[in-house]
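What follows is each chain in one-letter form.
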Amino acid sequence: MQKKTRFATWLITALLQVPALPAFASSVTTVVYPAGEIAGDTRYRDVIELLNTALEKTRPAFGPYTCQPSQRQVPKKRVMAELASNENGINVLWNPGSVKLEKEFLAIKIPLRKGLLGYRVMLIRKDKQTMFDAVRSVADLKKIRFGQGTGWIDNAIYQHQGLPLVEAPYPQLFAMLDAERFDAFPRGIGEILDELEMQKEKLPNLAVEKNLLLYYPFPYYFFFNKKDAALKHRVETGLKLMLKDGSFDAIFIKYHQQALQKLDLRNRRVIALTNPDLSPDTPLQDNRLWYKPVVSSNNR
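Numbering of residues starts from 1 in every chain and runs along the sequence as written. Under the rules for a predicted model, residues below a pLDDT of 70 receive no local features and side-chain atom pairs below 80 are neither given nor counted, while totals for whole chains, interfaces and linings still include all residues. Side-chain numbers come from the whole structure's heavy atoms, not from hydrogens or water.

In the nomenclature of an unreviewed UniProt entry, the protein is known as Transporter substrate-binding domain-containing protein of Undibacterium luofuense.

Below you can see the structure in the form of structure tokens.
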């Protein structure tokens, strides 16, 4: 009995002397992001690569991870509800910032596309180009009907300017534009060319408007449930490392440089719109975070 007691004492002492492993060494960070609204949706390839790279950059400090899309394609409004309730696995989403969202969720205040989403080129019907040729001001824009997705945050921007707006689910907007239910579908620089390519066989009358560039400050952020501060910290740490080592800008150039050249922003007329829901702590003064095109003074 004494031998067993001595052995038990020795074993406990030995185990207490083993260095404790970091908590993350035996755990895996699980990240689930929205699958998108339509099959084959390519709009978010750059954002997904930013997310994966941020997680990879932090592997030495935070340990292994998995990063994958959700199993179902659902509208953005439903994705928001699922993130808020912490249900169905989605624990990160990307979305334009707003005062409301930045109160409801944890946001990383690093614009994922360097503010590029606020520069808008319009999809139109080819036979409608003359409608846009003389547009020079917000007052001129009030003669145009704009199509936007149901519940999109920037709908408030168009409404704030008094611009006519038609809302519908994103997949329906292209056919509605072709059917002249509205006149213009403003798209992000990184979206419009891929979308036109996807629609060209089915809707060959659609085209990129040639002259205008709408602009409103519109940062795109990663958002997390307020209970997921640890995941937010890891991704934010990774993004900051990427800003320092140049990989953040490299991904921006990889996905957007070709579109920036093809769309010829320099020679477009810029019409600035006010964003009434821009958070006062948006980091607009940090020049590292924003893309600013050089626009010809003749086209302003």
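Resuming the write-up.
Student: How should I be thinking about the packing of helix α11 (residues 229-245) against helix α12 (residues 247-262) in this particular structure?
Tutor: Interaxial angles span 0 to 180 degrees and are taken between N-to-C directions of axes, which are lines fitted to C-alpha atoms, for helices over the stretch in contact. Every helix listed is a DSSP run of H or I at least four residues long, and every strand listed is a run of E at least two residues long, numbered separately from the N terminus. It is the contact of α11 with α12, at a shortest axis distance of 5 Å, that shows an interaxial angle of 80°. Put simply, α11 runs roughly perpendicular to α12. Side by side, α11 and α12 meet where Leu239, Met242, Leu243 and Asp245 of the first sit next to Ser247, Phe248 and Ile251 of the second. Looking at the contact of α11 with α12 residue by residue, the class counts come to 5 nonpolar, 1 polar and 1 charged. Orientation labels follow simple angle bins: below 35 degrees gives roughly parallel, above 145 gives roughly antiparallel, 65 to 115 gives roughly perpendicular, and whatever is left gives oblique. Contact between two residues is taken to exist if any of their heavy atoms lie within 4.5 Å; hydrogens are not considered. Residue polarity follows a fixed list, in which Ala, Val, Leu, Ile, Met, Phe, Trp, Tyr, Cys and Pro are nonpolar, Asp, Glu, Lys and Arg are charged, and the others, Gly among them, are polar.

Student: It is not clear to me how the confidence of the model for the protein should be interpreted in this structure. Could you clarify?
Tutor: It should be kept in mind that the predicted coordinates are not to be read in detail where pLDDT is low. pLDDT runs from 0 to 100 and stands for how confident the predictor is about each residue. Per-residue pLDDT for the protein has a mean of 88; in total, 89% of the residues score no lower than 70. Across residues 7-26 the pLDDT falls below 50, and counting only partners more than four positions away or on other chains, this stretch makes 5 contacts in the model.

Student: What is the right way to look at the nonpolar core in this model?
Tutor: When a protein is soluble and globular, its nonpolar side chains tend to lie buried together. Here, the term nonpolar core denotes a set of buried Ala, Val, Leu, Ile, Met, Phe, Trp, Tyr and Cys residues that are joined through side-chain atoms within 4.5 Å. Only protein chains enter the accessibility calculation, which uses a 1.4 Å probe; a residue whose area is less than 20% of its type maximum is buried, one above 50% is exposed, and one in between is partly exposed. If you look at the biggest cluster of nonpolar residues, it comprises 45 residues, and the most contacted ones within it are Leu51, Leu141, Phe146, Phe222, Val235 and Leu239. Setting aside anything within four residues of it in sequence, one finds Leu141 in contact with Val135, Phe146, Leu163, Pro164, Leu214, Ile271 and Leu273. If you look at the next biggest cluster of nonpolar residues, it comprises 25 residues, including Leu123, Met176, Leu177 and Ile192.

Student: Explain the sheet that holds strand β4 (residues 106-108) here, please?
Tutor: Adjacent strands of a sheet pair through backbone hydrogen bonds, lying either parallel or antiparallel. Here we have 3 strands laid out as an open sheet, ordered β3-β11-β4, and antiparallel in their pairing. Lying at the two open borders of the sheet, with one neighbouring strand each, are β3 (93-96) and β4. Across the sheet, the mean angle from the axis of one strand to that of its neighbour is 40°, orientation sign disregarded. On the sheet, helix α4 (residues 76-85) packs against β3 and β11 (220-224) and is oriented at approximately 120° with respect to β3. Note: two strands are recorded as paired if DSSP finds a minimum of 2 bridges between them.

Student: What am I meant to see in unusual backbone geometry here?
Tutor: Residues apart from glycine generally show negative phi values, whereas peptide bonds are mostly found in trans. Phi is positive for Lys114, which is not a glycine, with a value near 55°. By the secondary structure assignment, Lys114 is in the loop between β4 and β5 (119-125). By relative accessible area, which is 8% here, Lys114 ends up buried. In this structure, Asp264 is a non-glycine residue whose phi angle is positive, near 50°.

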